[in-house]
Amino acid sequence: EHVLRQTGDLPRYDLLDTTGPENDRRYTVGVFAGERLLARGVGSSIKEAGKEAARAALRGEEIEQPNPLTPFPLTREGGTGDEEVE
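The structure displayed is predicted, hence computed values, not measured ones.

Take the overall build of the protein next. The number of helices and strands found in the protein is 2 helices and 3 strands. Start at the N end of the protein and walk to the C end: the helices and strands fall as α-β-β-β-α. Relative to its full complement of 86 residues, the protein shows a buried share of 21%. For the protein, contacts bridging at least 24 residues in sequence account for 18% of all contacts bridging at least 6. Summed over its atoms, the accessible surface of the protein is roughly 6,700 Å², and 49% of this surface lies on carbon and sulfur atoms.

On to the packing of aromatic side chains. In the structure shown here, the tally under the stated rule is 0 aromatic pairs. It is arginine 12 that lies over the ring of phenylalanine 32; its NZ or CZ is 4.5 Å from the centre.

Note on helix geometry: an α-helix contains 3.6 residues per turn, so any two residues three or four positions apart are oriented the same way. End to end, helix α2 (residues 46–59) covers 20 Å across 14 residues, agreeing with the expected 20 Å (1.5 Å per residue, within 8%). Within the sequence span of α2, burial applies to Ala49, Gly50, Ala53 and Ala56. Along the axis of α2, the buried positions cluster into a sector of 125°, meaning they face one direction only. The outward face of α2, more than 90 degrees from its buried face, is lined by the exposed residues Lys47, Leu58 and Arg59.

A few words now on the pattern of salt bridges. This structure, assessed with the given rule, holds 2 salt bridges. The partner of arginine 12 in a salt bridge is aspartate 14, and the shortest N-O contact between them spans 3.0 Å. Here arginine 55 and glutamate 52 are joined by a salt bridge, their closest N and O atoms 2.6 Å apart. Highlighted residues: arginine 55 and glutamate 52, both in helix α2, separated by 3 residues, approximately one helical turn.

With that settled, the discussion passes to the sheet that holds strand β1 (residues 11–19). Ordered in space as β1-β2-β3, the 3 strands form an open sheet in which the pairing is antiparallel. The outermost strands of the open sheet, each flanked by one partner alone, are β1 and β3 (36–43). Taking the axes of each pair of neighbouring strands and ignoring which way they run, one obtains an average angle of 25° across the sheet. Inspection of the sheet shows strand β2 (residues 26–33) paired to β3 by 7 bridges, in the antiparallel sense. Bridge pairing in β3 links glycine 30 to arginine 40. Relative to β3, α2 is tilted by about 130°, and along the sheet it contacts β1, β2 and β3.

Thresholds applied
Residues numbered from 1 in each chain as written. Predicted model: local features only at pLDDT ≥ 70, side-chain atom pairs only at ≥ 80, totals over all residues. Heavy atoms only, no water. Helix = DSSP H or I, 4+ residues; strand = E, 2+ residues; numbered from the N terminus. Buried < 20%, exposed > 50% of the residue type's maximum accessible area, 1.4 Å probe, protein only. Contact = heavy atoms within 4.5 Å. Areas by Shrake-Rupley, 256 points an atom, 1.4 Å probe, with all protein chains shown as cover. Phe/Tyr/Trp six-rings, centres within 6.5 Å; stacked < 30°, edge-to-face > 60°. Lys NZ or Arg CZ within 6 Å of the ring centre and 35° of its normal. Expected span 1.5 Å × (residues − 1). Arc of directions from axis to C-beta. Salt bridge = Lys/Arg side-chain N within 4 Å of Asp/Glu carboxyl O. Pairing = 2+ DSSP bridges. Axes fitted to C-alpha atoms, helices over the stretch in contact; angles between N-to-C directions.

Read these as layout, nothing more, since geometry by itself doesn't imply function.
Here it is, written out as structure tokens:
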């Protein structure tokens, strides 16, 4: 609700990273307003990581934004980083 009031955009949650062995996964979720990354959260489940991202966004924690002039390729989940997403 806070993001909607402030920006007019509904917040969007995206899975940014998955690390760790299969029995001890750590998920990183980003919360976005439009295309702007507001915050990240990490947890042992995607739901937990999303809640942490929401809390961080409400606390106003700053996220370093990539330089818009620098290419920032996105990769498919589980990718090696060599393939770009269209």
